[in-house]
Amino acid sequence: MRYCLSFILLLFSFSSVGATWQSIINHRPAGSQVALIVEPLDKGHLSIEHNSQLLLAPASTQKLFTSLAAELELGDNYRFDTRIDGRGQLHAGQWQGDLRLVFSGAPDFNRAQLGALLQALKGQGIHTIDGDILLDGSAFAGYERGPGWPWDNLGVCYSAPSSALTFEHNCVAASLSVGAAGQKTRFYVPSFQPVSVTDDVVAVTQDQQQQNLCELQLDRGPGNHYHLHGCVTNERAVWPLNFAVNDTAAYIAAAIKNELKRYNIHFAGDIRRQDNASGQWQRLAVTHSAPLSALIEHMLTESDNLYANNLGKTLGRKTGLPGTFALGVREVKDILAKKIGLTLKPATLVDGSGLSRDNLVSPAELAAVLKYLGHHTELATYKGLPLAGKTGTLKYRHSVMKAPLRGNLKAKTGTLNGSMNLAGFFTAASGQRYLFVLMSSSLSLGDNSDQADRTMTEFERKLLDSLYHAG
């Protein structure tokens, strides 16, 4: 009799759990679509599959595929090289001939590393360059922006061009200073940044902005010239801005000229892009990226699209051809199929980051990657997942900032044009570990985006909280 009573209580517990998460999903934001998977990693009893085979926009949860494939194929100690080669000879402090800067798509190549390369030239006695400097970006080919990237976001840094010629994240930080309503703003960009910006932006009140539906607009080109116009509200004195580089070769060429002056290396020639230039080249200097493990942890914690896209194209180079979006995607699929038995079909992947709306994956495919990671927690792909209320893209996510989820839930975020996703792990109230995938799509901002955000946040908080207690 005691056994039967325990069994009845267990059934009641399961049915209550089912009703709890199901009732919350039934009250999801109007018009939206929700998919949910919960699986125990050890001995937990909670198991949910709701719309697990739907094909939905993964947004940045797609980085899990790129990251795991790169780590399994290249290894944690893999590093990108950026080098300077010379074609000519050194005579009396003068390099007589051309130099070339050979890029590999290192996503963290920065001004300090460029300086180290130039300092290495000076260390070899080179104080004058009598020739040209060639920029070799042959490591990658094809478009620098992926299929399906929103055209109106190409000027912002999360759409930075994925190019072998990557420098300072292909991104420029700037700001707008705002005064009283009706006044023009004042634009500021650091003098060392080789971009030009014209500003025709007017400050308005929030009521004026709502009445006129005006917004800040950015026009790109030619080269790295940008024109700002439209309006911004005067609710803050300074609006931070970030510009995605438009012309990568021109941006790097201008930066090199500035750094040559700073290191007092005389140069009067041209700097231009020329891939695979012929001749007898000798290596003069080389610098290395951070190890792949560090790149991956940054990429996932901060959801860095450039890192993911450059890693994808780097995998594409394993074919012996220059890396492209398409080759990278094919390699990601092949690697995951061979290494962990995951066949990404009928999923559609077109870039490495998830930025494109053309990407479609199922929650079940994300869950398969998580299941592997849950049993291989030594991998950087696992370690790099943001921690709720603590790090990266989960540090300020309101749905998980408070107990019991704060510091307990570890997941990759994914947000893009009506999609809001989470894929990761949590430890339930029972102490059991679970993986979960929560994908919400067809989310409408309507006329009140703040209210829509609050509605979605509250839905996500209630659902995750119920899973914590149910598990």
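Residues numbered from 1 in each chain as written. Predicted model: local features only at pLDDT ≥ 70, side-chain atom pairs only at ≥ 80, totals over all residues. Heavy atoms only, no water.

Draft legend 1. Here's a closer look at the overall build of the protein chain. Regarding its fold elements, the protein chain presents eleven helices and 18 strands. Expressed as a percentage of its 471 residues, the buried residues of the protein chain come to 52%. By element, 50% of the accessible surface of the protein chain is carried by carbon and sulfur atoms, the whole surface being about 21,100 Å². Of the charged side chains in the protein chain, 43 are positive and 41 negative, and the gap between their average positions amounts to 5 Å. (Helix = DSSP H or I, 4+ residues; strand = E, 2+ residues; numbered from the N terminus. Buried < 20%, exposed > 50% of the residue type's maximum accessible area, 1.4 Å probe, protein only. Areas by Shrake-Rupley, 256 points an atom, 1.4 Å probe, with all protein chains shown as cover. Lys, Arg positive; Asp, Glu negative; His and termini not counted. Charge placed at Lys NZ, Arg CZ, Asp CG, Glu CD.)

Draft legend 2. Here's a closer look at the sheet that holds strand 10 (residues 216–220). Spatially, the three strands line up as an open sheet ordered 9-11-10, and their pairing is mixed. Looking at strand neighbours, the two that pair on one side only are strand 9 (196–204) and strand 10, the edges of this open sheet. Between one strand axis and the next, the sheet turns through 10° on average, direction left out of account. Pairing analysis gives nine bridges linking strand 9 to strand 11 (residues 225–233), with the strands arranged parallel. Counterpart to Val197 in the pairing with strand 11 is Tyr226. (Pairing = 2+ DSSP bridges. Axes fitted to C-alpha atoms, helices over the stretch in contact; angles between N-to-C directions.)

Draft legend 3. Structural detail: the environment of Phe103. One can find Phe103 in the loop between strand 4 (94–102) and helix 3 (111–123). Its relative accessible area of 3% is what places Phe103 among the buried residues. As for Phe103 and Gly312, which are separated by 209 residues in sequence, their C-alpha atoms are 16 Å apart. With sequence-adjacent residues up to four places away left out, Phe103 is seen in contact with Thr82, Phe109, Leu135, Asp136, Ala139, Ala164, Leu165, Thr166 and Ile252. (Contact = heavy atoms within 4.5 Å.)

Draft legend 4. Here's a closer look at the pairing of strand 18 (residues 433–441). Counting buried residues in strand 18 gives eight out of nine residues, a clear majority hidden from the surface. As defined by bridge partners, strand 1 (residues 33–40) adjoins strand 18 across eight bridges and the pair is classed as antiparallel. Across the sheet, Ala35 pairs through a bridge with Met439, a residue of strand 18. As judged from the eight bridges shared by strand 17 (residues 419–427) and strand 18, these two strands associate in the antiparallel manner. Counterpart to Ala423 in the pairing with strand 18 is Val437.

Draft legend 5. Structural detail: the state of the cysteines. Per the counting criterion, the structure on display carries two disulfides. Here Cys157 connects covalently by a disulfide to Cys171, the sulfurs 2.0 Å from one another. Residues Cys157 and Cys171 share a disulfide whose torsion about the S-S bond is about 90°; that sign makes it right-handed. Of this pair, Cys157 sits in the loop between strand 6 (133–136) and strand 7 (171–177) while Cys171 sits in strand 7, and the two are 14 residues apart along the sequence. At a sulfur-sulfur separation of 2.0 Å, the disulfide partner of Cys214 is Cys231. Looking along the S-S bond of the Cys214-Cys231 disulfide, the torsion reads about 90°, which is the right-handed sense. In this pair, Cys214 sits in the loop between helix 4 (206–212) and strand 10 while Cys231 sits in strand 11, placing the two residues 17 residues apart along the sequence. Like Cys214, the residue Cys231 is buried in the burial classification. Sequence-ordered numbering of the bonded cysteines in the protein chain gives a pairing of 1-2, 3-4. (Disulfide = S-S within 2.5 Å.)

Draft legend 6. Region of the structure containing the packing of helix 2 (residues 63–74) against helix 8 (residues 325–340). Packing of helix 2 against helix 8 leaves a shortest axis separation of 9 Å and a crossing angle of 65°. The element helix 2 and its partner helix 8 pack so that their crossing is left-handed. Two secondary-structure elements touch here, helix 2 through Phe65, Thr66, Leu68, Ala69, Leu72 and Glu73 and helix 8 through Val332, Ile335, Leu336, Lys339 and Ile340. Within the contact of helix 2 with helix 8, the residues separate by chemical class into eight nonpolar, one polar and two charged. (Left-handed = near helix turned anticlockwise from the far one by under 90°. Nonpolar A, V, L, I, M, F, W, Y, C, P; charged D, E, K, R; others polar.)

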